[in-house]
Amino acid sequence: MTLRPILIHPDPRLKKHCDPVVTVDDEIRKLADDMLATMYDAPGVGLAAPQVGVLKRLFVMDCVKDKATAPAPMVMLNPEVTWTSEETNVYEEGCLSIPDQYAEVTRPREVRMRWLGLDGQIHEEQFDGLWATCAQHENDHLDGKLFIDYLGPLKRQMITRKMEKLKRERARAAKDQSIL
């Protein structure tokens, strides 16, 4: 497994609609393995393919936070939401592509998803709580939508400016490292 670099907003690839996964092959399995390793290393609870620069409809998630509980990694290819509850939840969301920035986002409390698994079979499951929020957040990435798109324009602009500054600082630090 290879840790892949995570794109930082603003990056045009994070705003693209992703293409379906056509076949479950070794390349897709390797991508899923790399994404899980990258997500756990970050650390995060979800990661979508466009966040690592791959414009495919694939995301991984594992919302088990208790160290005493076994991990429960999930890989979803071509996921689709088939139902959402009318009842909503408000979670403070963050994103590996928008590091150290958090905001409250309202989403359906429960969601039913259908997806293609790495086993080539269609799966369907209903999620609630953090799992539902994570599944919806990651699925949004596949349509070029970020959690900050749910925020008001001033808050969104403030976060975007912070990310632009972070990217400049990282570029400057990388340049300084290359000189040494």
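Sequence order sets the numbering: in each chain, residues are counted from 1 along the sequence as written. For this predicted model, a pLDDT threshold of at least 70 governs which residues receive local features, and a threshold of 80 or more governs which side-chain atom pairs are given and counted, while totals over whole chains, interfaces and linings are taken from all residues. Side-chain numbers come from the whole structure's heavy atoms, not from hydrogens or water.

**A short note on the UniProt feature "binding site: Fe cation" (unreviewed entry) in the chain**
Then step 1. Summarizing the sequence annotation, UniProt attributes the feature "binding site: Fe cation" (unreviewed entry) to C95, H137 and H141 in the numbering used throughout. In summary, the annotated positions, though distributed over 47 residues, converge in three dimensions, the widest C-alpha pair being only 10.3 Å.
Then step 2. A run of H or I in DSSP counts as a helix once it spans at least four residues, and a run of E counts as a strand once it spans at least two, with each numbered from the N terminus. The residue C95 is located in strand β4 (residues 88–95) in this model.
Then step 3. Setting aside residues no more than four positions away along its own chain, C95 makes contact with Q51, Q101, H137, H141 and F147.
Then step 4. On the secondary structure map, H141 appears in helix α2 (residues 129–141).
Then step 5. Under the relative-accessibility criterion, H141 is labelled buried at 1%. UniProt positions are given in the numbering used here, feature names are shortened, and annotations may be inferred rather than shown by experiment. Contact between two residues is taken to exist if any of their heavy atoms lie within 4.5 Å; hydrogens are not considered. Exposed residues in this analysis have more than 50% of their type's maximum accessible area, buried residues have under 20%, and partly exposed residues fall in between, with area computed by a 1.4 Å probe over protein chains only.

**Focus on the pattern of salt bridges**
Then step 1. Salt bridge, as used here: a side-chain nitrogen of Lys or Arg that lies within 4 Å of a carboxyl oxygen of Asp or Glu. Evaluated as defined, the whole model comprises 12 salt bridges.
Then step 2. With its nearest N and O atoms 3.0 Å apart, the salt bridge here joins D143 to R57. With a gap of 86 residues between them, D143 in the loop between α2 and α3 (153–179) and R57 in the loop between β1 (46–48) and β2 (58–61) connect regions that are remote in the sequence.
Then step 3. On the basis of relative accessibility, which here comes to 38%, the residue D143 falls in the partly exposed class.
Then step 4. Because the salt bridges share partners, they merge into one network encompassing R4, K30 and D34.

**Side note on the nonpolar core**
Then step 1. The nonpolar core is taken to be a set of buried Ala, Val, Leu, Ile, Met, Phe, Trp, Tyr and Cys residues, with the residues joined through side-chain atoms within 4.5 Å. Core analysis: the biggest nonpolar cluster contains 17 residues, and M35, L47, L58, V60 and L77 have the highest contact counts within it.
Then step 2. For this core, the secondary-structure elements that each account for two or more residues are α1 (26–41), β2 and β3 (74–84).
Then step 3. Not counting the four nearest positions on each side in its chain, L77 is found in contact with V21, V24, I28, R57, L58, W115, L116, G117 and L118.

**Re the side chain of Q136**
Then step 1. Tracing the backbone through its elements, the reader meets Q136 in helix α2.
Then step 2. Of the polar contacts made by the side chain of Q136, one reaches the backbone oxygen of P108; its length is 3.1 Å.
Then step 3. Within the structure, Q136 has its side chain in polar contact with the backbone oxygen of A132 (distance 3.0 Å).
Then step 4. Excluding its chain neighbours within four sequence positions, the residues that come into contact with Q136 are R107, P108 and V111. Polar contact is defined as a pair of N or O atoms within 3.5 Å, subject to the rule that within protein one atom must be able to donate a hydrogen and the other to accept it, and that residues adjacent in sequence are counted only when both atoms are side-chain atoms.

**Regarding the packing of aromatic side chains**
Then step 1. Note on aromatic pairs: the rings of Phe, Tyr and Trp (six-membered ring only in Trp) are paired at centre separations within 6.5 Å, and the planes decide the class, stacked below 30 degrees, edge-to-face beyond 60, tilted for the rest. As enumerated under the stated definition, the model contains 2 aromatic pairs in all.
Then step 2. Ring geometry for F127 and W131: centres 6.4 Å apart, planes at 15°, overall stacked.
Then step 3. One aromatic cluster is present, built from ring pairs that chain together W115, F127 and W131.
Then step 4. Lysine and arginine charges are scored as sitting over a ring when NZ or CZ, respectively, is within 6 Å of the ring centre and within 35 degrees of the ring normal. It is K145 that lies over the ring of Y150; its NZ or CZ is 4.2 Å from the centre.

**A closer look at α3**
Then step 1. Along its 27 residues, α3 runs 39 Å from first to last C-alpha, staying within 8% of the 39 Å computed at 1.5 Å per residue.
Then step 2. Taken together, the buried residues of α3 touch β5 (98–108). Take the number of residues in a helix, subtract one, and multiply by 1.5 Å to get its expected span.

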